[in-house]
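Okay, here's what each chain looks like letter by letter:
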Amino acid sequence: MSRVPLPELPGRIPDSQSERRLTAIRREAAEKGTVSTQGIVPAGAPFPRATPETGYYGVPLLKEPQLKPEVPVYFFVGGAAGASAVIANMANWISNDRELVRNARWIAAGGGALSSALLIKDLGMPSRFLNMLRVFKPQSAMSMGAWTVSAFSSFSAASAFANLAQQKLGKSLPVTIIENAASLLAAATGVVMSSYTGVLIGATVIPVWNENISTLPLHFAASGMNCAVSALELLGSENSRALNLLGMSASAYEVYEGIELETKRNRVNEPLRKGWSGAIVRAGGVLSGPVPLALRLAYAVSGNKKFRRAAAWSSIAGSLLTRFGWVHAGRASARDHRIPLELLEEAPEVKKNSHQIALQKPA
Amino acid sequence: MSTTAFLTDSTLCIGCKACEVACKEWNQLDADGYEWSGLSYDNTMAVGHSTWRHVKFVENTPEIGLGGNAAEQLPAWGFSSDVCKHCEVAGCLEACPTGAIVRMDFGAVYIQPDICNGCAYCVVSCPFGVVEKNQDDGRAFKCTFCSDRQSAGLQPACAKACPTESIKFGKLDSLREEAQVRLEVLKSRGVDDAMIYDPVDTSVKGIHAMFLLRGDPRSYNLPPNPEVPTTYLKKGWQSAAVAAGAMLGATLLAFLGGKR
C-alpha cells in the first residue's frame with residue numbers, strides 16, 4: 001500500500017504567547033474545574049447592530065437623490081444663462097458695447113433652450129414634461145423652477161431673436177419695444193434661474209443640502225455669474241472692464257463661501273470635505289474662488305490677457321465641478337444614517353459589508 | 001368618509017412577512033431578488049418602489065460579534081412591519097410639481113401613476129425614506145394605502161393578511177385611543193420600554209401609520225424628529241432674494257464703474 005502524501009494544510013506557527021495561553025487554560029481547568037472562554041471572533045465581526053446607539057444595522061434611513069448627470073449640468077447651464085441675461089440687460093442700458101449685449105443675449109437664449117432640454121431628458125417620463133405646467137405650487141421649489149425655466153427660455157429667446165430680426169430687416173419700433181421688454185423680463189427671471197437651484201436642493205430632507213440652504217442660492221448665483229462673465233470674455237469681450245470687475249466680485253464671493261464651508265466643521269458637512277464628493281467640491285471651490293481672483297488681479301496689474309483667459313477657463317471648470325460636487329455630496333449625505341437618526345457623535349461609520357452589497361440593485 | 005389609519009403593534013408581530021407577501025400579491029409588485037443581507041432575517045432592508053411593506057428584525061444580543069454563550073442575558077428579538085407613514089403634512093405631496101401626489105378623502109397620500117412624470121423630487125422630500133423612483137419604469141412609487149380596496153369598502157391587503165392583528169386598520173382617532181389603551185396594558189404587564197411612535201410635535205404633525213414599539217425608535221430606523229422639508233423654504237427664498245439683489249446690484253455697479 002503506497003502512502004498518499006498529505007495535502008499541505010495552512011497551520012499556525014506556535015509562539016510563546018500561544019503556549020502561555022494553553023498553559024493558562026490548563027491551570028484554570030485544574031484550579032476551578034471549568035474554563036471561561038474568550039469566545040471566538042467570527043469573520044466579518046463586529047457585525048452591524050440594531051440599537052439606539054447604532055441605528056438599524058447602519059442601513060441608510062433616507063433614499064439617495066435619484067438625479068441623472070443632466071441635473072448638475074442643468075444647474076451649471078441654467079445658472080450661467082440666467083446671469084448672462086442680467087448682464088445683457090444692464091449692458092443694454094448702461095454701456096454702448098453692442099457686441100457684448102448680443103453675445104450675452106445669445107448665451108441666455110441658448111442656455112435657456114439647453115436647460116429645458118436637459119430637464120426634460122432627466123425626467124423618468126420625458127413625454128410628460130407638460131405635466132409640470134398643470135399646477136402652480138409655490139410650496140414646491142420644483143414647480144417654481146419649472147415655471148421659471150419656461151418663462152426664462154421664452155423671454156431670452158424672444159429678446160435674442162428680436163435683436164437678430166432688427167439686424168437683418170432694419171429697425172422697427174414695435175420690435176425694439178418687444179426686444180427691450182423681453183430683455184428686462186429675461187433678466188428678472190434670470191436672477192431666479194441662477195439662484196433657485198440652491199432652494200431646490202436645499203428644501204429637501206438631505207442633511208448636507210438643507211443645512212446650507214441659507215447660502216446655497218447665493219453660492220450658485222455667484223457661480224453662475226462667474227461662468228457667464230467667463231463665457232462672454234472667451235467669446236471676445238476681453239476688453240470690458242465691467243466684466244473683469246464682475247468676475248472679481250463673483251470670485252471673491254466664492255472665496256468667502258469656501259472659507260465658510262471649510263470652517264463650519266460639523267458632521268453634517270462631512271461630505272463637503274471627505275471622500276469623492278469632498279474632493280470635487282474643494283476642487284470646484286479652488287477653481288472658482290482663489291485661482292480666478294488671483295489671475296484677474298494679475299491681469300489688472302499687468303494687462304496681460306493670458307491671465308484673464310486662464311481665469312475664465314478656471315471659473316467655468318470650477319462652476320461645473322461645484323454643481324457636480326454638491327449633487328455628489330447629497331448622495332453621500334443620504335447614505336449617512338447617523339444624522340436623521342440623531343445618533344451620538346461617536347457612532348461608528350458602517351463599513352462596506354454584506355448588507356450593503358445586498359442593497360445594490362442590479363443595473 | 002372618515003380618516004383611516006394603520007396601527008402597527010410590534011409587540012404582536014411574529015415576523016412572518018405575510019403583510020409583505022399580501023402587499024406584493026394584491027398590488028402586483030416586482031420581486032426584489034434573492035440577495036441575502038446577513039442582518040438577522042431581514043433581506044428586504046427597506047421599503048422602496050417595489051416594496052411597500054417591510055418587516056424589520058431588530059436583534060439585540062448582549063455582545064454582538066462575539067460567539068460563545070450569551071451568559072445570563074437572552075437576546076431580545078423584535079419585529080415591526082414598516083410602511084409609508086401617510087403623514088398629516090406630507091413632504092412628498094408638498095414637493096410634487098405635477099400634482100400627481102394627492103390626498104385621498106380617507107387621508108391617504110396617493111401617487112397618481114398616470115400623472116407622475118418621474119422628476120424624483122418626492123424622493124428627496126420624504127423624511128422617512130419611503131418614496132423611490134423605479135428606474136426602469138421612470139415613475140415614483142410607494143404604498144397606496146390600498147386606495148383601491150378602501151374605495152371598495154375593504155381593508156388594506158396587509159392588515160387583512162396579518163395573522164396576529166399586529167397590523168390594525170381603522171379610523172385614525174379610535175386607533176390613537178386604542179394605541180394608548182394598549183400601551184397602558186403593556187406597561188401594567190411590565191413592558192416598561194413600550195412606546196407609541198407618532199411624531200405629532202414635529203412639522204409632520206402626526207402620521208396615519210402609527211407604531212407601537214419597544215425601546216428607542218432609532219433601533220427601528222425611525223427618525224426621532226422627522227421634518228417636512230418645506231420648513232426650510234423661507235430661509236432658501238430669502239437667500240435667493242438676497243442673491244437676486246446682489247446680482248443686479250453688482251452688475252449695475254460693474255457697468256457704471258466700467259464706463260469710467
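Please read all numbers here as calculations on a predicted model, not as lab measurements.

Asker: Explanation requested: the domain arrangement of chain B in the structure shown.
Answerer: A common way to report how large an interface is uses the accessible area buried once the components associate. What the domain assignment reports for chain B is domain 1 (4–227) and domain 2 (234–260). Centre-to-centre separation of domain 1 of chain B and domain 2 of chain B, based on C-alpha positions: 47 Å.

Asker: Teacher, can you tell me more about the environment of isoleucine 13 of chain A here?
Answerer: All names here are of chain A. Mapped onto the fold, isoleucine 13 is located in the segment before helix 1 (16–32). Isoleucine 13 gets classed as exposed once you count the C-beta atoms within 10 Å, which come to 5. Sequence separation between isoleucine 13 and tyrosine 74 is 61 residues; the distance between their C-alpha atoms is 61 Å.

Asker: I'm lost on helix 9 (residues 275–288) of chain A in this one. Help?
Answerer: Residues lying three or four places apart along an α-helix face the same way, a consequence of the helix completing one turn every 3.6 residues. Residue and element names in this part refer to chain A. Here helix 9 contains 14 residues, and its C-alpha end-to-end distance of 20 Å stays within 8% of the 20 Å for a straight helix at 1.5 Å per residue. All of the buried residues along helix 9 are Ser277, Ile280, Val281, Gly284, Gly285, Leu287 and Ser288. Looking at the packing, one finds that the buried side of helix 9 touches helix 7 (216–234), helix 8 (241–263), helix 10 (290–302) and helix 11 (305–335).

Asker: Help me understand the environment of lysine 137 of chain A in this model?
Answerer: For lysine 137 of chain A, the location among the structural elements is in the loop between helix 3 (98–122) and helix 4 (141–169). Sequence separation between lysine 137 of chain A and tryptophan 147 of chain A is 10 residues, and the spatial gap between their C-alpha atoms is 9.7 Å. If sequence neighbours within four positions are ignored, lysine 137 of chain A has contacts with Ser143 of chain A together with Pro97 of chain B.

Asker: Just checking my understanding: could you explain the nonpolar core for this structure?
Answerer: As a rule of thumb, soluble globular proteins bury nonpolar side chains together. Formed by 173 residues in total, the largest nonpolar core has its most connected members in Ala228 of chain A together with Cys92, Cys122 and Met210 of chain B. Ranked by residues supplied to this core, first place goes to helix 2 (residues 70–94) of chain A with 14 residues. A domain-level breakdown of this core finds at least three residues from each of domain 1 (4–227) and domain 2 (234–260) of chain B. In contact with alanine 228 of chain A, other than residues within four places in its own chain, are Ala80, Ala83, Ser84, Ile87 and Ile107 of chain A.

Asker: It is not clear to me how the interface of chain A and chain B should be interpreted in this structure. Could you clarify?
Answerer: Taken residue by residue, the interface counts 81 residues in chain A and 75 residues in chain B. Elements supplying a minimum of two residues to the side of chain A that touches chain B: strand 1 (50–51), strand 2 (55–56), helix 2, helix 4, helix 5 (173–202), helix 7, helix 8 and helix 12 (354–359) of chain A. It is helix 5 of chain A that provides the largest number of residues to the side of chain A that touches chain B, a total of eight residues. Considered class by class, the residues forming the side of chain A that touches chain B number 51 nonpolar, 23 polar and seven charged.

Asker: Would you explain unusual backbone geometry in this entry?
Answerer: A negative phi holds for most residues other than glycine; trans holds for most peptide bonds. Positive phi, close to 55°, is recorded for tyrosine 57 of chain A, a residue that is not glycine. Position of tyrosine 57 of chain A relative to the elements: it lies in the loop between strand 2 and helix 2. In this structure tyrosine 57 of chain A comes out as buried when scored by C-beta crowding, with 27 C-beta atoms within 10 Å. Even without glycine at this site, lysine 17 of chain B takes up a positive phi of about 65°. Summarising the element assignment, lysine 17 of chain B is placed in the loop between strand 1 (4–9) and helix 1 (18–27).

Criteria and cut-off values
- Residues numbered from 1 in each chain as written.
- Chains lettered and ligands numbered in written order.
- Predicted model: local features only at pLDDT ≥ 70, side-chain atom pairs only at ≥ 80, totals over all residues.
- Domains from an automatic or database assignment.
- Helix = DSSP H or I, 4+ residues; strand = E, 2+ residues; numbered from the N terminus.
- Buried ≥ 20, exposed ≤ 12 C-beta atoms within 10 Å, placed from the backbone.
- Expected span 1.5 Å × (residues − 1).
- Contact = placed C-beta atoms within 7 Å.
- Core = buried A, V, L, I, M, F, W, Y, C linked by C-beta atoms within 7 Å.
- Nonpolar A, V, L, I, M, F, W, Y, C, P; charged D, E, K, R; others polar.

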